[in-house]
Amino acid sequence: MKTFCGRANPTTGALDWVEESEEYDYHQEIARSCYADMLHDHDRNKKYYEGIRAAVARVKARGEKVIVLDIGTGTGLLSMMAVTAGADFCYAVEVFKPMAEAAQCIVEKNGFSDKIKIINKHSTDVTVGPDGDMQVKANVLITELFDTELIGEGALPSYEHAHQNLMQERCEAVPHRATVYAQLVESELLWSWAQLQPVEVEGARLVPPPAVGRCAGAHAVCDIQLSQVSPASFTPLGPVCTMFTVDFSKPVSSAFQAHNSQFVAQSSGRAQVVLSWWDLDMDPSGSIVCTMAPSWTYQEPKMAPWRDHWMQSVYFLPVESQVTEGEELSLMVCHDDFSLWYSLQPRSQRGSQTEAPPSRPCCTCQAHLVWTRPRFGELNDRRRTESYISALRSVLREDSVCLSVSDGSLLPVFAHMLGAKKVFGLENSQMSKQVIDEVLEANSMKGRVELLEIRLEQLTSNDVGGEQISVLMGEPYFSTSLLPWHSLFFWYCRTALAGLLRPNASILPRSASLHMVAVEFQDLWRIRAPCGTCEGFDVTPMDEMVQRSLDFHESHEAEPHPLWEYPCRALTQSTAAMTFDFTQCLPQQPISSQGSLSFIREGRCHGVALWMEYHLTDDITVSAGLTGPINEQGDCEWSRHRKQGVYFFGSPWEISGDGRAAVSYSFTFEPSLGDIRMDFTVTSQ
């Protein structure tokens, strides 16, 4: 059996369907899973263990046998905790087959086979009775069904079904209760991820289309490591509000609900964004609390536990509104069975209780479907925009004929505003073409830029009015790119368009370079580190399963991560490992580069960070990685707009920092594949 998987093709800029073996999807899921991160989350594990002990003790105090239902058991860790705490029997449900098999191995390895039954089903398919999956209904419900939004993985329907079909009426639950919190803020940084801001170009003002400003945006939650957003980046307009709680020990409803929190504005400003997170009370008294609160809510921020499987959420209000200090406000949160959304009203305008609450937001302007939130931030980055405008200004002439090759880019609009004779833009979809058309129309430039929705290989001289192109430009940005170097698709475009270019045509950017630095991660290393023993239980079968999946396809591949969310220290200097000259056509033969970097700082080297820099002109460069120099301690500042590549070493290297150790590297760019093969070795002299 074979399966087809979507994969970005850097040579065509398209998403190709590639035939893989039947096991590929399983291995991808395991290799990219958060299981290791969860097992390394000591705070989570400790709080669950305490809550489980307390729940088992409460049932025993009633003189009952303790029968546990563990939904989403994963490794079986929580079931083993329950048996150790004195549970008589556990039914551990896991829908993902490889994980259920690993759980079976782990349960056997730890000697719990007689007390734990692994059920490889979705919990809603589990049956109860003499011939069922469960002999009797359970009286302790243990779950870990949560995501950053709390309910996004279907927790509410699963709880609803469990209480109706699998649990005794008087049952205990771990966690016992969840509480959702929210805070209304003004933030130019965060709002720039949701709305297109005006741009000044040569004294003229480029404004966003009105439809974009009126649009509520994409409904999907924006989940980030909010601890990495400095409190200096936002102004709280109100207190942290308790929005709603869910008691998991009682029947739960997955039906639509709305909740209000009233408060007085503590400062004046523009209400734009809601920051949200949640807590789990592991016991009824609320004495065992596992919180997702960002680190800046702690008196000692360094005491905040790190987790990547549960982060924090950012919600963008449908429209921004001015609020005044002392004003009475009402923040509303609505949820269906899978998602949350927020709205704000002055309390004086709340109307009757029968007024229909707002429906789930959806994009009506297309822009939020074309541009991701980081892409909005990139388009709103004034310094970055000024770099492109300055570069265009240096190459444009009155008779310039320009062609832009980037997805949903404002470059062709800038070129027209800077006085180019003719401007064409190559767009990859009808939707992105429509969005740029609306930008042109909103600024009375309709028809001044000709947008072409045509495949690159089909573009002819007739499509550009018989003109030869004098300026070929790109950011470059392509929506199908996953890794930094996938933007080298621009080089393929430049090569394919060679016949349409004037002999002295300007190419912008002129070149790109692949940069690297060896790093020590503060926390990100946990997602790839084997666990071994977790809370006293041997989970090595899980480690072995993850390693097999990594070896299956990805042991020598980098993976994309937004490093601004994951602090790291540079242990070497950064260097440009490869350069790609866009003024020349793509070579047919592979390009290789080798070298080494000496370690200059002491630390534990977890891997290598990789990114692209684009040299627009000889003196203007835009970085999609480091945005400033590395400081003396090795701290790095990363672009928030693009993901960087991370190549994790199989195991970390302890570095003394005496300059005697180095990381050797080897890169090979394969033009036929559009990808880069890489290898790294740490050596000591």
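Above this text is the structure in question.
Draft legend 1. Fine view of the overall build of the chain. Looking only at helices and strands, one finds 15 helices and 36 strands in the chain. Since a compact globule built from 685 residues should have a radius of gyration of about 26 Å, the 28 Å found for the chain is in line with a globular shape. With the C-alpha coordinates of the chain rotated into their principal frame, the extents come out at 90 × 70 × 50 Å. Within the chain, buried positions represent 56% of all 685 residues. With the model as given, the accessible surface of the chain reaches about 28,600 Å², and the carbon-plus-sulfur share is 48%. Charged side chains of the chain number 55 positive and 86 negative; the gap between the two group centres comes to 1 Å.

Draft legend 2. Main features of the packing of aromatic side chains. Counted by the stated rule, this structure contains 27 aromatic pairs. Taken together, a centroid distance of 4.9 Å and an interplanar angle of 75° make the contact between Phe 478 and Phe 489 edge-to-face. With Phe 478 in the loop between strand S23 (469-473) and helix H14 (489-496) and Phe 489 in helix H14, this pair connects stretches of sequence that are 11 residues apart. The burial state of Phe 478 is the same as that of Phe 489; both residues are buried. Measuring from ring centre to ring centre gives 4.7 Å for Tyr 647 and Phe 680, while their planes differ by 65°; the resulting arrangement is edge-to-face. With Tyr 647 in strand S34 (residues 644-655) and Phe 680 in strand S36 (residues 675-684), the pair connects residues that are 33 residues apart, well separated along the chain. Take Tyr 647 and Phe 680: they sit in the same class, and that class is buried. Taken together, the ring pairs connect Phe 146, Tyr 159, Phe 248, Trp 278 and Trp 310 into an aromatic cluster. Stacked on the ring of Tyr 49, the Lys or Arg Arg 53 has its end atom at 3.8 Å from the ring centre.

Draft legend 3. Geometry of the nonpolar core. Grouped together as the largest cluster of nonpolar side chains are 128 residues, with contacts concentrated most on Leu 69, Phe 146, Tyr 342 and Trp 638. A per-element tally of this core places strand S15 (residues 269-281) first, with seven residues. In contact with Phe 146, other than residues within four places in its own chain, are Tyr 48, Glu 153, Ala 155, Tyr 159, Pro 175, Phe 248, Trp 278, Leu 280 and Trp 310. Within the second largest apolar cluster, 98 residues are counted, among which are Val 395, Leu 411, Leu 459 and Leu 616.

Draft legend 4. Local environment of the environment of Trp 525. Structurally, Trp 525 is set in the loop between strand S25 (511-521) and strand S26 (533-534). A relative accessible area of 23% means that Trp 525 is categorised as partly exposed. Separated by 126 residues in sequence, Trp 525 and Ser 651 place their C-alpha atoms 9.7 Å apart. Sequence-distant contacts of Trp 525, that is, excluding residues within four places in its chain, are made with His 40, His 606 and Phe 648.

Draft legend 5. Spatial organisation of the pairing of strand S35 (residues 661-670). Where burial is concerned, most of S35 is hidden: eight out of the 10 residues are buried. Of the strand pairs in this sheet, S35 and S36 are connected by 10 bridges, and their pairing is antiparallel. Within the sheet, the bridge partner assigned to Ser 664 lies in S36 and is Thr 681. Between S35 and S36, which pair antiparallel in sequence order, lie four residues; one of them, Gly 674, sits at a positive phi of approximately 75°.

Draft legend 6. The pairing of S15, seen in detail. By the criterion of burial, S15 is predominantly enclosed, with 12 of the 13 residues buried. As defined by bridge partners, strand S8 (residues 177-186) adjoins S15 across nine bridges and the pair is classed as antiparallel. Its bridge partner being in S15, Leu 184 is matched across the sheet by Val 274. Here seven bridges tie S15 to strand S17 (residues 312-323), and the two strands are oriented antiparallel to one another.

Draft legend 7. Focus on the sheet that holds strand S18 (residues 328-335). An order of S14-S18-S19 is seen for the three strands of this open sheet, with the pairing classed as antiparallel. Strands with a single pairing partner mark the edges of an open sheet, and in this sheet they are strand S14 (257-264) and strand S19 (340-346). Averaged over neighbouring strand pairs, the angle between their axes works out to 20° when direction is ignored. With eight bridges connecting them, S14 and S18 associate as antiparallel partners.

Reading the values: rules and limits
Throughout this description, residue numbers start from 1 for each chain and increase along the sequence as written. Per-residue local features are limited, in this predicted model, to residues with pLDDT of at least 70; the limit for side-chain atom pairs, both in listing and counting, is 80 or more; totals at the level of whole chains, interfaces and linings are taken over all residues. The side-chain values count all of the structure's non-hydrogen atoms but skip hydrogen atoms and water molecules. For helices the rule is a DSSP run of H or I covering at least 4 residues; for strands it is a run of E covering at least 2, with both sets numbered from the N terminus onward. With the radius of gyration taken over C-alpha atoms, the globule rule is written as 2.2 Å times the number of residues to the power 0.38. Whether a residue is buried, partly exposed or exposed follows from its accessible area with a 1.4 Å probe, protein chains only, as a fraction of its type maximum: under 20%, in between, or over 50%, in that order. Using a 1.4 Å probe, accessible areas were evaluated by the Shrake-Rupley method; residue-level cover was limited to the displayed protein chains. As used throughout, the charge tally considers Lys and Arg to be positive and Asp and Glu to be negative, leaving His and the chain termini uncounted. A charged residue contributes its charge at one atom only: NZ of Lys, CZ of Arg, CG of Asp or CD of Glu. Two aromatic rings from Phe, Tyr or Trp, using only the six-membered ring of Trp, form a pair when their centres are within 6.5 Å; if the ring planes differ by under 30 degrees the pair is stacked, by over 60 it is edge-to-face, and anything between is tilted. When the NZ atom of lysine or the CZ atom of arginine is within 6 Å of a ring's centre and also within 35 degrees of its normal, the charge is said to sit over that ring. Throughout, nonpolar core names a set of buried Ala, Val, Leu, Ile, Met, Phe, Trp, Tyr and Cys residues whose side chains join them through atoms within 4.5 Å. Residues count as neighbours in contact if any of their non-hydrogen atoms are within 4.5 Å of one another. Paired strands are those between which DSSP finds at least two bridges. Note on definitions: angles span 0 to 180 degrees between N-to-C directions of axes, and those axes are lines fitted to C-alpha atoms, for helices only across the stretch in contact.

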